[in-house]
Amino acid sequence: MNRGLCFILVCCAFFAFQLKAEAGDWQSFSSSLHETRYQHLIEELRCPKCLNQNLADSTSGIAVDLRHQVYQMIEGDKTDQEIIDYMVARYGEFVLYRPVNNLTTYALWYGPFILLLIGGVAFFLVIKRSRSRQGRRDS
Amino acid sequence: MARVLRFIPLLIFIGLGSVFYVQLDKNSQYVPSALIGKTVPEFTLVDLYSNELIRNADLPKTSYIINFWGTWCPACHIEHPFLVALAKQGVTIIGIDYKDEAVAAREWLEEKQNPYQRVLMDELGDFGLDLGVTGAPESFIVNAHGVITYRHQGVINASNWQEIKRYLNE
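Rules used in this analysis
Residues numbered from 1 in each chain as written. Chains lettered and ligands numbered in written order. Predicted model: local features only at pLDDT ≥ 70, side-chain atom pairs only at ≥ 80, totals over all residues. Helix = DSSP H or I, 4+ residues; strand = E, 2+ residues; numbered from the N terminus. Contact = placed C-beta atoms within 7 Å. Buried ≥ 20, exposed ≤ 12 C-beta atoms within 10 Å, placed from the backbone. Core = buried A, V, L, I, M, F, W, Y, C linked by C-beta atoms within 7 Å. Axes fitted to C-alpha atoms, helices over the stretch in contact; angles between N-to-C directions. Left-handed = near helix turned anticlockwise from the far one by under 90°. Nonpolar A, V, L, I, M, F, W, Y, C, P; charged D, E, K, R; others polar. Pairing = 2+ DSSP bridges. pLDDT = per-residue confidence, 0-100. Expected span 1.5 Å × (residues − 1). Arc of directions from axis to C-beta. Right-handed = clockwise from strand over helix to strand, strands pointing away.

**Student:** Got a minute to help me understand the overall build of chain B in this structure?
**Tutor:** Within chain B, the secondary structure is distributed over six helices and seven strands. Walking chain B from its N terminus toward its C terminus, one meets helices and strands in the order α-α-β-β-β-α-β-α-β-α-β-β-α. Here the C-alpha coordinates of chain B stretch approximately 80 × 30 × 30 Å along the principal axes. A separation threshold of at least 6 residues defines the contact pool for chain B, and within that pool the share at least 24 residues apart is 72%.

Put into structure tokens, the structure is as follows:
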């Protein structure tokens, strides 16, 4: 195995360990389902302080607090939707890494496809016109 | 008609160009608060000095600032003298001692003067969570109707106060 690959593998192992350690801060889950939901949620929720990290990756004070809040809500038998609603009510849709489908994000989600469609239609119209022009010239 | 169509790409270019140009100046660190336009969430907190339970009804009836601070927070040291100056100008400030200890907080205010009309203890940071606080210092402007009009993350100082001040009367 070459040395570069070895180095990368060692790095990966190190980071994997770190993530695991962070997840195990305080909590012991009452079931493995709770733990899976917790892991999923803290990866889906964005840290409001550090912009480009999720709650799982961030070490900022507020991310620690919010992870704890997620943990408590899961153990308090709240549904994932209730937890997400709780976060959005306080920190806005900003905290969602998976943006919601609503009027304001509609253009972002579907705009490119609409533009592509318009482009395609224009392309075919131009082709068609130049063909018919060519046809006229040939005849 | 065909001649008009020819200008569409140029128009799109100008449109996009001006949108991007305007966005260049925007502070990319700015995160809008979800609480703007809403009233202060329900709370019950202990007053630092009187040890009484304080609720929403006890908040000022005029416009005021809710300022989250803590003795552990280095930037709060920098902000503090400006808050003292504001209080002297007659601005009402409610202090929330965020994730801090009462003894340390009293000492700090003793030493540096107290700009707050009231200081409430949020030891666990629960009230902070309800307001969507991301750290300290952080301030919320509440108008005379009890509605939050602005949130400021970080230190309030002479240069950003002119901008923030407007929201007190909004």
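**Student:** Would you mind going over the overall build of chain A with me for this structure?
**Tutor:** Regarding its fold elements, chain A presents five helices and zero strands. For chain A, the α and β elements follow one another from N to C terminus as α-α-α-α-α. Counting the 139 residues in chain A, one finds 15% classified as buried. Considering only intrachain contacts with a sequence separation of at least 6, the fraction spanning at least 24 residues in chain A is 43%.

**Student:** Explanation requested: the nonpolar core in the structure shown.
**Tutor:** Note on soluble globular proteins: their nonpolar side chains tend to be buried together. In terms of nonpolar packing, the biggest core is built from 47 residues, with Val70 of chain A together with Ile94, Ile96 and Leu120 of chain B touching the most fellow members. Here this core takes six residues from helix H3 (residues 61-75) of chain A, the largest share from any one element. Residue contacts for Leu120 of chain B: discarding those within four places in its chain leaves Leu45, Val46, Asp47, Leu48, Ile54, Ile94 and Ile96 of chain B.

**Student:** Got a minute to help me understand the packing of helix H2 (residues 32-44) of chain A against H3 of chain A in this structure?
**Tutor:** When two helices pack together, their arrangement is given by the angle between the helix axes and by the axis-to-axis distance. Residue and element names in this part refer to chain A. Viewed as axis vectors pointing N to C, H2 and H3 meet at an angle of 145 degrees, and their least axial separation amounts to 10 Å. In the crossing of H2 with H3, the sense of the turn from one axis to the other is right-handed. Residues His34, Arg37, Tyr38, Leu41 and Ile42 of H2 pack against Arg67, Val70, Tyr71, Ile74 and Glu75 of H3. Residues that form the contact of H2 with H3 fall into these classes: six nonpolar, one polar and three charged.

**Student:** What exactly am I supposed to notice about the interface of chain A and chain B here?
**Tutor:** Size of an interface, as often reported, equals the accessible area lost when the parts are brought together. Every contact between the two is made by twelve residues of chain A and, on the other side, ten residues of chain B. Counting only elements with at least two residues in the side of chain A that touches chain B, the list comes to H3 and helix H4 (80-91) of chain A. Class assignment of the residues belonging to the side of chain A that touches chain B gives a composition of six nonpolar, three polar and three charged.

**Student:** Explain the sheet that holds strand E4 (residues 93-98) of chain B here, please?
**Tutor:** Two orientations exist for strands paired in a sheet by backbone hydrogen bonds: parallel and antiparallel. Residues and elements named next belong to chain B. Across the sheet, seven strands lie side by side as E2-E1-E5-E4-E3-E6-E7; this open sheet has mixed pairing. Every other strand in the sheet has two partners, leaving strand E2 (53-55) and strand E7 (148-153) as the edge strands with one partner each. This sheet shows a mean twist of 30 degrees between the axes of neighbouring strands, independent of strand direction. Of the strand pairs in this sheet, strand E1 (residues 44-47) and strand E5 (residues 118-122) are connected by two bridges, and their pairing is antiparallel. Counted as the bridge partner of Val46 is Met121 from E5.

**Student:** It is not clear to me how the confidence of the model for chain A should be interpreted in this structure. Could you clarify?
**Tutor:** The share of residues in chain A with pLDDT of 70 or more is 80%, and the mean pLDDT across the chain is 82. Taken element by element, the predicted model of chain A shows its lowest mean pLDDT in helix H1 (residues 3-23) of chain A (54) and its highest in H4 of chain A (93).

**Student:** Explain the environment of Arg133 of chain A to me, please; I cannot follow it from the model alone.
**Tutor:** The residue Arg133 of chain A is located in helix H5 (residues 103-138) in this model. Separated by 44 residues in the primary sequence, Arg133 of chain A and Ala89 of chain A place their C-alpha atoms 60 Å from one another.

**Student:** Just to check I follow, could you spell out H2 of chain A for this structure?
**Tutor:** Each full turn of the α-helix corresponds to 3.6 residues, which orients residues three or four apart in the same direction. Residue and element names in this part refer to chain A. Over its 13 residues, H2 runs 18 Å from end to end, which matches the ideal 18 Å to within 8%, given 1.5 Å per residue. Every buried residue belonging to H2 is among Tyr38, Leu41 and Ile42, and all of these are buried. All buried residues of H2 fall inside an arc of 90 degrees around its axis, so they share one side. Opposite the packed face of H2, turned more than 90 degrees from it, sit the exposed residues Ser32, Leu33, Thr36 and His40. The elements touched by buried residues of H2 are H3 and H4.

**Student:** How do you make sense of unusual backbone geometry when you look at a structure like this?
**Tutor:** Note: most residues except glycine have negative phi, and most peptide bonds are trans. All names here are of chain B. In this model, Ala136 is joined to Pro137 through a cis peptide bond whose omega is -5 degrees. In this structure, Pro137 sits in the loop between helix H5 (126-131) and strand E6 (138-142). The backbone of Asn51 shows a phi angle near 65 degrees, a positive value even though the residue is not glycine. Relative to the elements of secondary structure, Asn51 occurs in the loop between E1 and E2.

**Student:** I tried to follow the pairing of E4 of chain B on my own but got confused; where do I start?
**Tutor:** Along any regular strand, the residues point their side chains to alternate faces of the sheet. Residue and element names in this part refer to chain B. Counting buried positions along E4 yields six of six residues, so the element is predominantly enclosed. Bridging between strand E3 (residues 64-69) and E4 involves five bridges; their strand directions are parallel. Counterpart to Asn67 in the pairing with E4 is Gly95. Between the parallel elements E3 and E4, the chain passes through helix H3 (residues 74-88) in a crossover that is right-handed.

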